[in-house]
Every structure is written in structure tokens, then in C-alpha cells.
Amino acid sequence: DDDIDGNMRRLFTIDPTINGRGPVIFAWQKDGIFLAVAGINRRVHIVDRQGKEKHQFLLPSTGPAVGLDWDCTGEVLAVMQMNSSVISLWNINTKKLENLDTSMKDLSFMKWSRTGPQLAVGTAKGGLLIYNRKTLKKNVIAGKHQRRILCGTWNSQNKLALGSEDRTLTISDAEGDTLDQAHVKNEPSLIQFSDMKADERAKSKENTVSVNLGGKTLLLYNTADQENPIELAFQSRYGNIVSYKWFGDGYILIGFSSGFVVVISTHLKEIGQEVNSLRFHRDSLTDVTYCPALQKGASIGDNYVKVFDMSELAKMSEQRSEKFELENEFGALTRVEWTDDGQILTVSSKNGYLYAFLTKIPVLNAAHSNHVAFLISLRELCVKDVVQDEDVARITIDIEPSLVALGPNTVAVGMNNTVWYYKYPDSSAKQMTQKQYLNTVTAVNLSSDYAAVLQEGHLTLHHLDATDTTVDVHAVTAGEEAASKQREFPDKDNSPITCVGMTEDFLIFGTEEGAICFFSLADLCYVNEYRFDSGIRMIYPNPLGTRLVLIDSNNAAHLYSPINDQAIPVEGFSTSTEKVMWDIHDWGVFVGADLQHFTTYVYAPNHRQGPKAAAILQRPLLDDNQAAEPLPASQREKQSTPTEVYYTDRPFGFQPILVSNGAVSCQMQNGSLATVSLQTHQHISQFLRLNSEQSLRAFYNNLALHHFEECWKGSCQLNLTECWQALGDHALSNLDIELAIRVFRHVQQPAMVMALEKIAHLSEKNLLLGHVCMLFKAFSEAQSYFMRSSVPTLALDMRRDLMHWDQALKLAETLAPDQIPVISREYAQQLEFKGDYGLALEMFSKGLLEEPEELSGTETAEETLSYNKIRQHNKICNSGMARMTIRMGNVQRGFQIVSESGDKELCQECAPIFEEMNLYNDAASLYERAGLFDKAATIYIVEAKNLQQAARVLPQVTSPKILGLFAKAKEKEGHYRDAKDAYERAGDLDSVVRLNVEFLDNFAEAHLIVRKTRSSEAAALVAKHCKKSGDYRTAIEFLLLAKKTHEAFEIAQQHHEMLTYAEALGSQGSYEDFLAIAHYYQSKGENALAGDYYAKCMRYEDALKLYLQCGESQINKAIDVVGKARNDKLTHGLIDFLMGESDGIPKDPNFIFRLYMALGSYEKAAKTAVVIAKQEQEQGNYRAAHKILFDTHKDLEAHKIRIPSDLKRNLMLLHSYIIVKTLVKSMNDHETSARMLVRVAKNIAKFPKHVVPILTSTVIECQRVDFNASAFEYASVLVRPEHRSKINEKYKKKVETIVRKKTDEELKDPEEHSSPCPFCSAACPDTQLDCASCKNMIPFCIATGKHMVTSDWTFCPSCRFPALYSAFVQLVREEKMCPMCEQEIAVEAVTKVQNPDPRAYLSEGISSPLGPPPPPPTGDPAEKVAQ
């Protein structure tokens, strides 16, 4: 039991004690069952394949055996002895030895025919004897050759080739008659028949004779081409040819004496070229052989055996070979030969040894669940758990079985008509029972309790009884007990049973007539029978018996389910499949095995196309960087579907047994197990450890296997658009709606999610399948499912929605006849769109319903609705019929129908048809009837040229384009006034101007229109006419509107109309335009106007120069120019002029103020304004001074400049004086008036021009409101000598009286009312503007002069100065204007401010937004003004 690399082991050895020490010869029976061995001891031993001797016999002569050969039947062994004329014939059946006397001496050759009963015997003198074992006739041919016959062989045509020392070859028939003869150069040996390799091979006739010529060359002699023999020579280093074998398609394996093994091809194009050559032996080689069953070669020499793989000749190498060394005592090895089945390699030696090596164990195996039983030797069986990878039991058997079966706890082995049963996993694994059957057993199936034995079309089912002894089952006595334990099939008809399968619950078998029967093992009765169209060849049930794959007599496969009694074809099934295996861990997967491939199939019971079993197809991979933009496969055009089956290569010699999670457990030729991983299962559960390409392949493998949860994980990892699409597609195809919703929700496809959620609740499979097929656009399938559902009208609804009208009409005839009119109408509309007017007319007619009776007013709402629907339906059909009548050419009739209908919609629909047919007047008439007056007018004008009809329609037309068309047509006819009116309605005023000027002489209207529209084209037309008529002023105006500035300037210059030109140009002129005007006026000495236009073109220095030349009249313009220029030089020049330094005459200080304002020097402007206001105030111009201070205040405020406190106080003081009159007359508030006068009187020095009138008013108002102290105080001032004479006589006596009548009592004014300070809320007298608590200057009310309070706050809407809301509203009602800005104010515009922020009115220092003003010249003008 020695192993060679685990693949080859020594089976047995026959040593010299049996053979004698000397050369050993051997011959295997044709079927490889018995081996004949003979040595030098004259004994022939017959041994079996285990080396056990079955028989021996002694040879009659004294010489050793030199030849052994079995006849073609394997019954008779012929033995040739040295120096004997007798051939011994031993019969294996009778065990008798017979002697064939040849009557010839020195026998040198013996060979049985390969196909007939002839035995050829040659002699040393060239004689030949042909012995026919069947007729017992001996045919002696003397002189066949002149010398010793060295070699010979028979071919398949029963021809005999012989080689002789006389260097000739002869080919003879079965009677020994010579058919051909050839001479050769050297002594022939090792003669063989075969066929040379050819491009086109006919049926092999073995016409080529090959022969070794003296060990130097190899001759190929073709009997069909005798004139062109081929002689092959080899390299001298190879040595002599010692052996060769033909194999394959015309290849020859040659062994050379120096140890080389060479493979050559006999193809004519390859002759002379070696396919491969290797030196397998160092010193010598004595023989080679080849085994077709193993595709291996073997050589012997140097005391070892070399076995090498020849499945791929180009890859023959030392690494692909095995070596078995023998001890030197075994002697030189002489011959090596394989049995025909390749299981045993036999080697003989010169020292009496014979070795048998087991090179191929019979591939016998069986599987049950995760256990497999297989031969590990010729008579040893192993049961192994392939999932746990551990042996369960080893069983030694007494035979070489021809079949093996495995059950849950039983192993069966069989040979011929006998089956041995063994119990496992008992440690002893002893034989349970042995049973013999009537016929040869071809298959055994086992359950826990039963065995089913198939014997040549007959099936026996019996109980497994460990107590039974060897029994012929057909000899069991009939009875209830026997009947309960044994059943014979077929028991219904005589149809032979071809195949059988068994599960724990069922016996399943198929027959030649196509029946598949399910027989319950529990009840011992039939539970199901299915009749197939053709005979059943093989069945492969799943472990539960709920599904089985059957292969019929046509080698087509179907998957049958006894649950619904349905058989479906297996798509992509290979007709050469020899075995099918269900995956024990994946219920829907099964694998088919042919000689070259494994093919994975998947069963999908819920597929949208119905239950489906198909081979997995190979899909190309995507790019790794494809982005994830998921679009469901059910809403896109399908990409081309892969059609190539995804095969897994089946290694040579691997016999599949079982499939577990995509791993196929196989038995190899050496008997051991190996696992082949299916390509379809690569990486299916290893996503996290894979690269992107492997992950993608794993995803598609899981998808094909319907492992959708694994696909979800893979899609999340890969995040490829195509993966999400494929997963959603497959989930939907297999009705996994929940997963499909998850996928489409993940890829943000709300439409699909909503569609699927609507059908997810459906429990009826046909309804669900119909909706899913619709999503896949498989509408025929959807219709089929809907028709089989509980709601068949869904098929009709689908066809209508798809506008498959023919199908919809057919369905409506059976499902909903009342829908035929509606469908006919819809179909007609579609036909009209396609242009099939004839059929459309027919469908519209077919769609008409019987017109209902008029409503009486007593109908229900439902009846009324039905009535309206029928009327609307018939209206559509009648309209369609009218359109189709016109389309079909019956124009007059069609026009009449449409006109009489009075239906505007129908008129609108039919009008374009007449228009297409160039019947423009009819088309326009229908448009007019439809109320489409614009369209009607267009056709009348453009196409029909019927202006009369157009004029009739024109009042209803509003389109400017159509009115313009009519106007052009009228103008073309010379009707200018009508054209003008149409142009006006169209808004084409340029054309109106053109007609007024060119044809109607209505120039005034033309001028008005152009001034309004400012159209360049019309202006140019009018200007041309004005210029022609000498109206240059107007011409200049319109030339400028026409953008012809240069021409307008020339006319203005030539005709002294520059002022007109300048006024018309306005501010729209360019630099060049203004500069030209400035030059013109300067040349005319009009400096002011020239300065204006120099300023417009920003030539400020020239402008200032000209303004100053004009004196004080243009100083304001000069100030504006300097303000815009912001140029120090110009600023200094103007200041010098204003201060009189250039002419010695100082100018009005107001100019200095305006200059500072223009320059943005607001603080200096404010200072100057205060000075100017003071001067005005001293002159008694109080309102002028007030306005100066107010304007300055607003300017500073607008530019966010801090307002000087003296400006604010002076403005407050002036305003207090100004509002006195308003307080008295409009508001009748003498007290507040008195307090304002007291405020002014306290600052009377600032009012020197009116001291006496102001104090007089103060005294009078104070005395009126009992302000006695104040009245006395200011009366005392008035009676002073410098003022007394100036008192108005009207009040003089009263003033004097106030002074004279003063008593000793202390005079007091009434205590003034207090209100909270808006800043700190401290009490403060109403007219006091400085808070004694927070020291803030409080804003004053412009209506009363009092300080502001937050609870009664408002603003003047115009100047935004604060005021007390109640007082300001009263004042506005009376005066209608603001006392501060003197602007008219509406009472409604005054709003009360809630929660005002008084701190916003505290003046903060804010820089000027224009930046700092230019530094004033030395000697500030403001200081000079103050001086």
C-alpha cells in the first residue's frame, strides 16, 4: 500500500517464488478482470485485480512461456512456449487447458485477432498458421516470409500485418491471403496499426502500419498511399527506439534507450517536428505505454516507474510526473502496461517480479445530506462529512463494487445482481445484510428504513432489516408481513422504470412512458402521478422531494413540483449533462455536470415570468468609478442581457458527488476527494475583505443566486448605480416588494416607492404579478396575469392607458361591452392623430350612443350626470365624424355639418383642416364662427386676399401684427386714411408718421407723435421734411431725436439756432457736443453760456474763468463748479475773488457759506451760517436767519455731521420767537406764548433791531397770564430812558402802570408745569431744555417750544424735527403746515411714535461722507466774515 505523492500506490506484487527467478510475461484480460502471469517455471497463474490467485496450470512443454494473449472475448488465453510447436489454450469458463498442435517448429510469434476468432502463429522460417477457434480450422501458409517472423498485429478490419527478418512487411486478410507487401531497410519490430493525423478525419480504418526499423527510424506505411511511405529519424542522442504507442488523434509516444520520451504528431504539416521531449530516465529506458482513460503515459527504466501527465502535451514536464522507485533486487524492468480502464499499471522484470500499481481507483460514490461515500481503494469504502471535513466511517468490503448508495445510516454496495448493506456510523461498520435480486442492479436508493433497488426496468422496494440473511427477494413467501416490507414496481402497467430517487418520505421513479410517480413510504401508497410528453431518463429530487429535476429521453431538463403539479423547462441546460446535484444549503440552487463544465442553475418560484429555472449567465463587470445615480431598471431601457452561460471548468477526472454552498465535492481518479469552487459562488459572503473588482463580482454572483440580502450589503459598499438598478430589478422580478421598496427609497426614487407601496398589500399573486409586469413594460405578461386574477378588467384598463386599442376592444367584448363605445371613440382619436382617417371615421361611428331623451327636471343627480356624459360623448363622436368627412374629401358636406352645428369648438377644430386644404375663405369663416377673429382676419388678409371680409372682422381684432398686415394691404391699395387708422390700432406709430408726412400732409400730428415716441426713424423723416421747408428749429429738435447730432449742430451754427440746439440736447449730449457749444458761445462772447457748457464737459477751470468774468451774477455757478472740481487752485481763486482780493470789493458772505457747502466743509459752513444768520437776526430778518440755520441743520444732518450747539441754540431761540404768533392765534395758548417770549427776552441782546417791540409783547403776554414778576421785570426795562420813547403809545400807559403800581409784596410768576426728562425721567419744567439731573440738552417741540416727552412723541413727516404729538396735530389742523420747514402737512401723515429713543437725537460727531474738505487758504474767510 505504498503511496506515490498520494496518487499511485502498489496494489500487489508477484515475486520469484511464484514465477521463478527469470523474465516474467503477463497479459490482462480485455475487460481487466483477470491477469495471466508466467515465468520460467512453466506455470501460468491467473490472478484477480487484487492479486489473489484464482487458478493456475502447468504448461505441457518444457520450455518457458514466451507469449501470452487473450482472445477478443476474454474467454481463452493462448500460451506460446519456447522450442514447442504446441499452443496451449486455457478457457476461463471451463478452467480447462487445450493444446493446439501447429505442426510447426520454432514458433516465433502469436497474436489473437482483435475482432474475430482467429489466432495467428508465426515461425522462425517465415511460416504462418491461422487458427479459427470458432470453426476449429487451421490454415497453414508456408513461406509467408523467407525468414523469421519477428512481429505482427491485427487491426479493427481484421487484417494482419507481419514483419520479418527478411526485411519485408506483409498485410494479409483473416484467411492469411496476402493483400500487400513492402520491403524495408532494417529488421522490423514493434509493428502496429493506426491512422495518421489528418485535417479531415474519416471513420477510422487503421490504414497506417507503423514499424520500428532497427531501433533507428520509425516507418509509417499507408496502405492507401503505398508509394509514399514516411520514415522518421530522430536525434542520435536519444539512442535507439525501444518502444512506442499511438494515442490521441494521430500522436505517437516514443521511448528511447537513453531515457528520452518524445511525442510527435503524424499530421503532414507537423511531421518532422517534436511536440515535446523529456528525459525521464538517466541511463536507460526499456518500455513506454499510454492510458487513454487517464490521459497519462508511463515509462520504465533505471529501476523505477515514471508516470507523466499528457492531458496537455505542450506542458509535459518533470513537475507533472510521478516516480516510483524499486529495489535493485527486482532486476531490470522489461514491460509496462495499463488495464483498459486505467486503474492498474503492471510492470514486469527479468528477476521474476511483477508489480501492479493502483493508478486509478474506480470512481464510485454516493451522497446523502452532507455525507459522501466513496471508494478509497478497490475494496475499501469511506463515509465522510464534507462540511465538517471528517471521516464518519471506513468500511472494508469483499468485492470490487460497481455501484455505491448512501442513506441516513446505511451504505449499500452492489455488483451484478447482489447488494450488500452496511450500517454506519457504527465503529465496526459490519455488514447488515446481503440481498440478491432477479436482474442486474443498476441503482440503489436508501432512506432510514427502506431500500429501492432498480434492476433493468424493474424496481423493488423493501424494508432494511438488519436481521435478514442472504435472501433472494423473489423467493419470499407472499403474506401480509412480506407485503408490508416489500413492493414491486411497476404495479400498474408494464412501462419499464428508467430512474429512481428516494427521500425520507417518498419513493419517486420515472418510466419510459413519461410517468413520474410519488409513492409514500409512510402509507405505502401512491400520492401523486404526473405524465410527461416523453420518456424519463433521469430524475434528481431535492432532499424533501418537493422539487425534482428530470431529464427526458431528448436530454432536455425540466423542474417538476408535485405541490402544484407543474413542470417547467430548465433554461440553458446542457444536453450533455450527466449528473444534477441540489445544493444542500441553498434550496433553490442546483448544479449540472457534463464532461467539461459545472453549470449552476437557480429556481425562482415567484418570478414575474412565472416559475423559472435557468442557468446563471455571465455578466461583464462595470467600471469601478461609475457614479451612483440610481435609476430603477424597471423604468429604463434595458441594457443588453448577457446570454453566455457562466460555466465552471470541471477538472479532468473529477467525479462530482455533492454541492454545499457552491463547493462541489468531487472524487478524483486516485480515489481521494477534492473540492471545486463554482465561479458563480466566488466571494459571495466576503464583501468586507475584497477589492472593488472582487466585490463587484461577488455582488453579481449573489444577485444571480437570489441572495438579495447579501446584495444589499454589497450595494451599500460599492454604491454603484448599476448595482442598485440590478438589485431593484431582480427584487421586483422575484416579487420581493419589501426589498424593492428599500432599494428605490435608498436611491431616492419616490415615484417607484409610491407605486410599489400601492401594490405591496396585494395578497393575490396574479394581481401582484400583473402590476409588476407593467412596471417592467411586459404588457402581454401583465394582461395574462390580470386575466387570471379576480379583477380581469385591469387588463382592459391597462390596454386603454397604453392606447393599445385593438387589444382593448377585444378585451371589452368579453369583459365590459358597455365600454366599447368609449374605447372606439378614444381609438378613433388616436387614428385621427396618426392620419388613418377612414378607420377613424368608422370608429367614431361605432362609438355613437343612442341619444337620450331630454331631461324633464325630475331626474336624480346621477341620472343628470349620465345624461350629460352621453351628450358629451356623442358630441365628440359627431365632431370627429365631421372632421373625418372633411379629411376624406367630402368638403362641402363637411362644411355644411360644421356650420349647422353651431359648435364653436367644432368650428375651431375643423378650420385648420380647411386651411391645410388651401380652402382659405372657408377656413377663415369657421375661425370667425369659433370666435377666433385674429386668426380669421389673418387668413382673409394674407391667404384669401379678401380685405372686405377682413375689414368686417377687424373691429374684433386686437393683435398689432394682424392690424399691421391689414394696414399694409390698405396702403398698397392707396387707402391711406384707412391704413393710418389700422397702423394706429396696431401701435405702428412710425408708419402713421410716414403716412402723415408723405401722403396726408398732417405735419402737426406727425410732430406730436414723434415727440411722444421719440422714434429715431420717424424723427429723421420729420426732420428731413422740416429742413426742406426751412423750419430749422424743428429740424434741429428732430435731428437730435434721430441721433443725428452732427447735422443738427451744423444747422444750429449756420442759422444761429444754437440755443435751440442746446435746449434740445439737454443733458444727453456727449463731451464733444458740449465742448462744441461752449466754443460757439465763447466765440460769440456769451461767457455765462460758454461757462455752463465748459462745466458740463468738466473743463472746470475754463468755466470758472468765464463765470468770474461775468461778476457777481454768475458767482453761484462758479461755486458749483468749484464744488464739483475739488481743485485747490480753483478753490483759492474763487475765495480770492469773494474776499475782494482780486478787485478790492468783498462779496456777500452768503457766497462763502455756499462755497463751504459745495466743498463739503460742513463745520465751517455751519460756522459761517451762524455768522450770517446772526447778521440777518441783527437786521431783524428773523425768518431769513431761521431759514439759514434750518437749512444748515438739515444739510449737516444729511451728511451725518455733528451739529454745533450754538447753531442748535440760535435755531431754537429764533424758532421760539417765530411760533409765538401761532401759539396765540391758532392754539390760543397764551401761557406757552408768554414763556416763549420770556425765553426770547432773556436773550434780547440777539434781537437789537426790535428790543422794545419784543419786550412790549413779553410784558403784555406775561401780564395776561399773571406772570407778574416777569411782566414787572421787563416793564422796568422798557421805562428806561433809552427805550421809553420807543414804546408804542398803545401800550405805553399800561407798561408804566405795571411799574408804578408795584407793591411791597414780592411778585411771583406761577409755578411752571413739569414733565419727565426723556433721558433720565427726572421732573423738569416744560419749557426748560437743559436737564438739571442728567445735564443733557433736551430736544424741543417745534409746535410749542417745550421739551419733548417720550409719551407724546411724533415727527414732522417733512423735516423730521420732533414735536409733541397732541400739540402738533392741533397745530396742523389749524395751520396745515409745519412751523419749522413751512411745508404743507396732512394730519393723516402725523403718527405717534411708540417707545422713542431720545438718545438718537443727541448730536454725535460724525465725519463727512465726502471726506475732509480741502484746507482753507491762509486767513479763514469765515473768520473774516465774522470780523
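Residues numbered from 1 in each chain as written. Predicted model: local features only at pLDDT ≥ 70, side-chain atom pairs only at ≥ 80, totals over all residues. Heavy atoms only, no water.

J.: Account for the pattern of salt bridges, naming residues and giving values.
T.: Enumeration according to the criterion identifies 39 salt bridges in this entry. Between R742 and E709 there is a salt bridge, and its shortest N-O distance comes to 3.2 Å. A residue pair is termed long-range when its members are at least 10 positions apart, and R742 in helix α6 (residues 737-746) and E709 in helix α4 (residues 708-718) qualify at 33 residues. Judged by relative accessible area, which is 46%, E709 ranks as partly exposed. Connected via shared salt-bridge partners are D48, K54 and R379. (Salt bridge = Lys/Arg side-chain N within 4 Å of Asp/Glu carboxyl O. Helix = DSSP H or I, 4+ residues; strand = E, 2+ residues; numbered from the N terminus. Buried < 20%, exposed > 50% of the residue type's maximum accessible area, 1.4 Å probe, protein only.)

J.: Got a sec to walk through the pairing of strand β6 (residues 53-58)? Specific residues and values, please.
T.: For a regular strand, the rule is simple: side chains alternate between the two faces of the sheet. Bridge count for strand β5 (residues 43-47) against β6 is 5 bridges, and the pairing is antiparallel. Bridging across to β6, V47 finds its partner in E53. Where β5 folds back on β6, the antiparallel hairpin that results is connected by 5 residues, among which G51 adopts a positive phi of roughly 85°. (Pairing = 2+ DSSP bridges.)

J.: Help me get a handle on the packing of aromatic side chains, residues and values and all.
T.: With the rule as written, the count across this model stands at 33 aromatic pairs. Consider the rings of F519 and Y526, whose centres lie 5.4 Å apart with planes at 85°: the pair is edge-to-face. Residue classification places Y526 among the partly exposed residues on the basis of a relative accessible area of 22%. Ring geometry for W587 against Y603: centres 6.5 Å apart, planes inclined by 90°, an arrangement best described as edge-to-face. Note that W587 is positioned in the loop between β55 (579-582) and β56 (589-593) and Y603 in strand β57 (residues 597-604), a separation of 16 residues in sequence. When its relative accessible area of 53% is taken as the criterion, W587 is described as exposed. A relative accessible area of 8% means that Y603 is categorised as buried. A network of ring pairs unites the aromatic residues F324, F330, Y353, Y355 and F357 as a single cluster. For the cation-ring pair, R335 lies above F26, with the distance from its terminal atom to the ring centre recorded as 4.3 Å. (Phe/Tyr/Trp six-rings, centres within 6.5 Å; stacked < 30°, edge-to-face > 60°. Lys NZ or Arg CZ within 6 Å of the ring centre and 35° of its normal.)

J.: Before we move on, can you summarise the environment of R1126 with the specific residues and values?
T.: Relative to the helices and strands, R1126 is located in the loop between α31 (1115-1125) and α32 (1128-1138). As a C-alpha pair, R1126 and C1341 span 215 residues in sequence and 39 Å in three-dimensional space.

J.: Residues and numbers for the sheet that holds strand β11 (residues 107-112), please.
T.: One open sheet accounts for 4 strands, arranged β11-β12-β13-β14; its pairing is antiparallel. Strands at the two margins of the open sheet, each flanked by one partner only, are β11 and β14 (137-141). Taken over all neighbouring pairs, the strand axes of this sheet differ in orientation by 15° on average, direction set aside. Across 5 bridges, β11 lies against strand β12 (residues 118-123) in antiparallel orientation. Bridge pairing in β12 links F109 to G122. (Axes fitted to C-alpha atoms, helices over the stretch in contact; angles between N-to-C directions.)

J.: Describe the packing of α6 against helix α7 (residues 750-759), listing the residues and the values that go with them.
T.: Packing of α6 against α7 brings their axes to within 8 Å, and their N-to-C directions diverge by 160°. When the axis of α6 is compared with that of α7, the two are roughly antiparallel. The interaxial crossing formed by α6 with α7 has left-handed handedness. In this structure, α6 uses I737, A740, I741, F744 and R745 to contact α7, whose residues at the interface are M752, V753, L756 and E757. When its residues are assigned to classes, the contact of α6 with α7 shows 7 nonpolar, no polar and 2 charged. (Parallel < 35°, antiparallel > 145°, perpendicular 65-115°, else oblique. Left-handed = near helix turned anticlockwise from the far one by under 90°. Contact = heavy atoms within 4.5 Å. Nonpolar A, V, L, I, M, F, W, Y, C, P; charged D, E, K, R; others polar.)

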